[in-house]
Amino acid sequence: MKNPLNRRNFLRLTTGLGLAVGLDYLTPAHSQPMKGQKAVQDNSKYSDVIDLTIQETSVKIGGRKATGITVNNTIPAPLIRLKEGQTAKINVTNNLNQDTSIHWHGIILPSKMDGVPGVSFAGIKPGQTFTYEFPVIQNGTYWYHSHSGLQEQRGHFGAMIIDPIEPEPFEYDKDYVVILSDWTYEDPHDVLSNLKKMSAYYNNQRRTIEHLSDDSMWREMRMDPTDIADVTGATYSYLMNGLVPETNWTGIFKPGEKVRLRFINAAAMTFFDVRIPGLRMTVVQADGQNIQPVTVDEFRIGVSETYDVIVQPRKEEAYTIFAETMDRSGYARGTLAISKGMSAPIPKLRERPVRSMKDMGMNHDMSGMNNNSTMNHDSSGHNDHGSMNHDASENMDHTTMEHDMFNDEAVMNDSNDFGVGNAGVPMMVQSRLNEPGIGLENTGTRILVYSDLRNIIPGYDQRKPDREIELHLTGNMERYMWSFNGKKYSEEKEITFYKGERLRLTFINQTMMEHPIHLHGMWMELDNGAGQYKPRKHTVIVKPAEKMSVEVNVDVTGKWPLHCHLLYHMKVGMFRTVAIADRPVEAS
Amino acid sequence: MNSKIIIYSSFLTGFLSLINIPIVQSETTQHLEIFKLKETITNNNQDIFTQDFDDDFVANENFNQEFAQQEYEVPDTNEENEENWPSPIEDDEIFWLLLVDRLEYRASDGKDLFYWDVQGWVGGDYERIWLKTEGEVAFAEKESGDAEIQLLYGYLIAPFWDLQVGLRYDREYGPDDDKGRVFAVIGVEGLAPNLFEVDTALFISENGDISARLEVEQELLVTQKLILQPRFEINLAAQEVENFGIGSGVNDIEFGLRLRYEINRNHAPYLGINWIRLVGRTSDFSREEGESVDNFSVVGGIRLLF
Ligand SMILES: [Cu+2]
């Protein structure tokens, strides 16, 4: 095994990561909890060159030995801290015996630096060093991960923090990165094989004969209402900053301090519901972008999303950072405390939710199933409509609202033939942006919803989109097939965007599961009723039976992936490349 | 490469000075200034943050974006032909399954026997090669039994249905005679509404005899680990084949009920009952052989998933 930490690299690395990060990252995560770095440190440095080495390393996760794919010998990979305005130059050396890559998630950069083998470049061959070089033109919380095979599931991911040039519109005293992930001791490929053999392989929370009559509708449709997550706590350990709940990652604060927590969901397959009992969280960034602050009790973070929150614990005690999985089969946990070794009670896992008929695009009233007229009057849809638009127009001027194509009426799902790759098409589709999501509907607490997200400044391009592309999220759970428009990547590879256009991209989820859809290279401005203040996201969760639109400024060149960020969904075909082409003469 | 960086750095420096922000020198380290803002966090969503940014910001961002798209020189090692690049994902991988659905000992009044039913496939999302085998060995005075094996090609014709065509070979053996025959098979296997697992096929023997089989089973969860599996099977024939003891019409019906305990998904021992009733001419043939036509047995076995 080559030693990546020779003296020269060592020096570069410590410089590269900044003194704020220090040596903690150079030891495997299990032995050394990640130290938070103070937000503001006069002697922080940003290096010109960062060296990363990827290799298989024996690691201990939760006291058990395993082999992971590490970057500079740690899981998670070292935190990379950059400054907006600098040029990032990152040498990545592959010491694996297979190809690897690093994709800078959410970073706007030239397509060749995006790091997706087969789309941006050839990949990094064993023994090869690839130099990533790109100008850093944004700031915020991001992350990076392998885009090769299933390497991400084996630990190949890390945080990337970019400090802004302009002062941030909020203040805080402490700054901690909280990376959530899921770890399995199984070979990730075996996990996929098991799902192919039996799609409910990891679901140990199925409904029993006790509910036989309640489930008659689901059984009739050959579906499982407990199908919340494909891969669960049956095989996963859930980690916070690479540590199992028992190890209890701890962030230290002094009472009254404002603590910024940068949550990154680097899991392969897991959505987390994050709360800190006893503290309210003020969400200030979503996907690295400043948003108008929203104070909540809990938020759901989809795979590959990031949320920055600020909390201000005033008491001299410990607070549990509790990240419960969406299917309630496990949790990641850490603590905010005034000193190491403290802990607060760990909440009980809540009961796993059950899919409702709404997830199939049907009225809650099951008798409505064969009756289209009752379908159209889905009462929840109308409530949504009222509250959303009202809420949005309070702060926005009304003229912009008129231009907003935002609409959340449930509409008949008229496109429903996607061949054998899609099973169980919803009857109606509608916006669900103001819903907190399955399992969070009736908590009695304030949950972050997508319609809360509002950019702090108007988007720089307020053109109305002149073209719309509909993309259907499709799947056949029985065979564990996932695709777009019923076609997996190998059957239909490319979508064309036109250079310079403002495009409306509409996702229609034809499946019963949430999919975090990620577009590389360009921001997606979520059409959530915020008018000019649409939030910019790199990943959007599309709920079952949801129709959601984003607007994209096609101001880039090259080729970019668009895919579901559930690792195994992507792997089996829920993936497209976006080619940026010149607009055809007729179309302009 | 180096000259590119220099050109780029000077471009960046120029660009940054243009928009009046502190210059970040790419060749040296940069000290962070201390960020403090008047505003603290507000919990109501007033537009207080929008005032700090004017049109300049908007313009800059646009420029930023274009700036970011400057192409970088990619090291020579990567300047291969794009056609040689690997696929970003491999979504047409081959998977396989081997399910030993029933591997059991059947105890009944007459004779005890050992029975197996194994299914496997290898292939992709749409096309799969299937192997199915079932059979029994009877432990009477002299060992006897029968076995069948099917090799099929399956194609996904509907979201829940696989069309299967191929060959079946049957072998009957015993102390007195040993005989076999070959069939062409066409069938469908899949999941019917209400979660009935259905496997049905039509068989045409080498002599042109036509027969059919329907198998239906369900899985009912008593608990997460305790699973009840009711099962029904019926065999039919279009004509009599005396040599194999088969009458025309319904040959036999079979009911089974098995309760398995999943130690894990891959290993599940079970106990159950099984009842086979031969019907019509088939039962007559059986009687002539001196065998029972109504067979109730208690079964115990294991289900294995590989
Ligand atoms: Cu997906």
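Because the structure is a prediction, the values reported are computed rather than measured.

Caption draft 1: Here's a closer look at the overall build of chain B. A tally of regular secondary structure across chain B gives three helices and 13 strands. Expressed as a percentage of the 306 residues in chain B, the buried residues total 43%.

Caption draft 2: Local environment of the coordination of the copper ion. Residue and element names in this part refer to chain A. Listed as protein donors to the copper ion are His 515 (ND1), Cys 564 (SG) and His 569 (ND1); their distances from the metal cover 2.0 to 2.1 Å. Sequence spacing among the residues donating to the copper ion works out to H-x48-C-x4-H. Residue His 515 is located in strand β27 (residues 515-519), and its partner Cys 564 is located in strand β32 (residues 559-564); the two are separated by 49 residues in the primary sequence. We classify His 515 as buried; its relative accessible area is 0%. The exposure class of Cys 564 is buried, given its relative accessible area of 0%.

Caption draft 3: Up close: the confidence of the model for chain A. Residues and elements named next belong to chain A. Looking at chain A, pLDDT values average 85 and 84% of them are 70 or higher. Across residues 1-43, confidence stays below pLDDT 50; counting only partners more than four residues off in sequence or on other chains, it has 87 contacts. Across residues 364-405, where pLDDT falls below 50, the model places 72 contacts with residues more than four positions away in sequence or in other chains.

Caption draft 4: Molecular detail of unusual backbone geometry. Each neighbour pair has its own omega, and for Ile75(A) with Pro76(A) the value is -5 degrees, a cis peptide bond. With respect to the secondary-structure elements, Pro76(A) resides in the loop between β3 (64-71) and β4 (77-83).

Caption draft 5: Structural context of empty space enclosed by the protein. Residue and element names in this part refer to chain A. Counting across every chain of the model gives 16 cavities of 30 Å³ or more. Around the second largest cavity, the lining comprises 13 residues; the ones closest to its centre are Arg 300, Pro 436, Tyr 450, Ile 541 and Lys 543. A breakdown of the residues in the lining of the second largest cavity according to their chemical character gives seven nonpolar, one polar and five charged.

Caption draft 6: A look at the packing of aromatic side chains. One pass over the structure, following the stated rule, counts 22 aromatic pairs over all chains. Residues Tyr176(A) and Trp249(A) carry aromatic rings whose centres are separated by 5.7 Å and whose planes lie at 80 degrees to one another, so their mutual orientation is edge-to-face. Of this pair, Tyr176(A) sits in strand β10 (residues 174-184) while Trp249(A) sits in strand β12 (residues 249-252), placing them 73 residues apart in sequence. Taking relative accessible area as the criterion, Tyr176(A) reaches 6% and is therefore assigned buried. Consider the rings of Tyr489(A) and Phe575(A), whose centres lie 5.1 Å apart with planes at 85 degrees: the pair is edge-to-face. Linking Tyr489(A) in the loop between β24 (481-484) and β25 (494-498) with Phe575(A) in strand β33 (residues 575-581), this pair joins segments that are 86 residues apart in sequence. Classification of Tyr489(A) by relative accessible area gives buried; the value is 6%. On the accessibility criterion, Phe575(A) (0% relative accessible area) is buried. Here a set of aromatic residues connected by ring pairs shows up, and it is made of Trp104(A), Phe121(A), Phe130(A), Tyr132(A), Phe134(A) and Tyr144(A). Directly above the aromatic system of Phe244(B) lies the positively charged group of Arg181(B), at a separation of 4.3 Å from the ring centroid.

Caption draft 7: Region of the structure containing the side chain of Ser120(A). Structurally, Ser120(A) can be placed in the loop between β6 (103-105) and β7 (129-135). Sequence-distant contacts of Ser120(A), defined by excluding residues within four places in its chain, comprise Ser111(A), Lys112(A), Asp114(A), Gly115(A) and Trp85(B).

Caption draft 8: The arrangement of the pattern of salt bridges in detail. As enumerated under the stated definition, the model contains 67 salt bridges over all chains in all. Residues Arg432(A) and Asp359(A) are paired through a salt bridge, measuring 2.9 Å at the closest nitrogen-oxygen approach. Pair noted here: Arg432(A) is in the loop between β22 (428-429) and β23 (467-476) and Asp359(A) is in the loop between β20 (331-337) and α4 (372-376), with a separation of 73 residues, a long-range link. Here Arg432(A) and Asp359(A) have matching classes, each one buried. Between Glu435(A) and Arg432(A) there is a salt bridge, and its shortest N-O distance comes to 2.9 Å. You'll find Glu435(A) and Arg432(A) in the same group, each marked buried. Within the structure, one salt-bridge network assembled from shared partners comprises Glu134(B), Glu148(B), Arg168(B), Asp170(B), Arg213(B), Glu215(B), Glu217(B), Arg231(B) and Glu233(B).

The rules behind each value
Residues numbered from 1 in each chain as written. Chains lettered and ligands numbered in written order. Predicted model: local features only at pLDDT ≥ 70, side-chain atom pairs only at ≥ 80, totals over all residues. Heavy atoms only, no water. Helix = DSSP H or I, 4+ residues; strand = E, 2+ residues; numbered from the N terminus. Buried < 20%, exposed > 50% of the residue type's maximum accessible area, 1.4 Å probe, protein only. Donors = N, O, S within 2.8 Å, 3.2 Å for Na, K, Ca; no water. pLDDT = per-residue confidence, 0-100. Contact = heavy atoms within 4.5 Å. 1 Å grid on protein atoms, 1.4 Å probe; cavity = no way out; pocket = protein on both sides within 12 Å on 5 of 7 lines; lining within 4 Å. Points joined across faces, edges and corners; volume = space filled by probe spheres on them. Nonpolar A, V, L, I, M, F, W, Y, C, P; charged D, E, K, R; others polar. Phe/Tyr/Trp six-rings, centres within 6.5 Å; stacked < 30°, edge-to-face > 60°. Lys NZ or Arg CZ within 6 Å of the ring centre and 35° of its normal. Salt bridge = Lys/Arg side-chain N within 4 Å of Asp/Glu carboxyl O.

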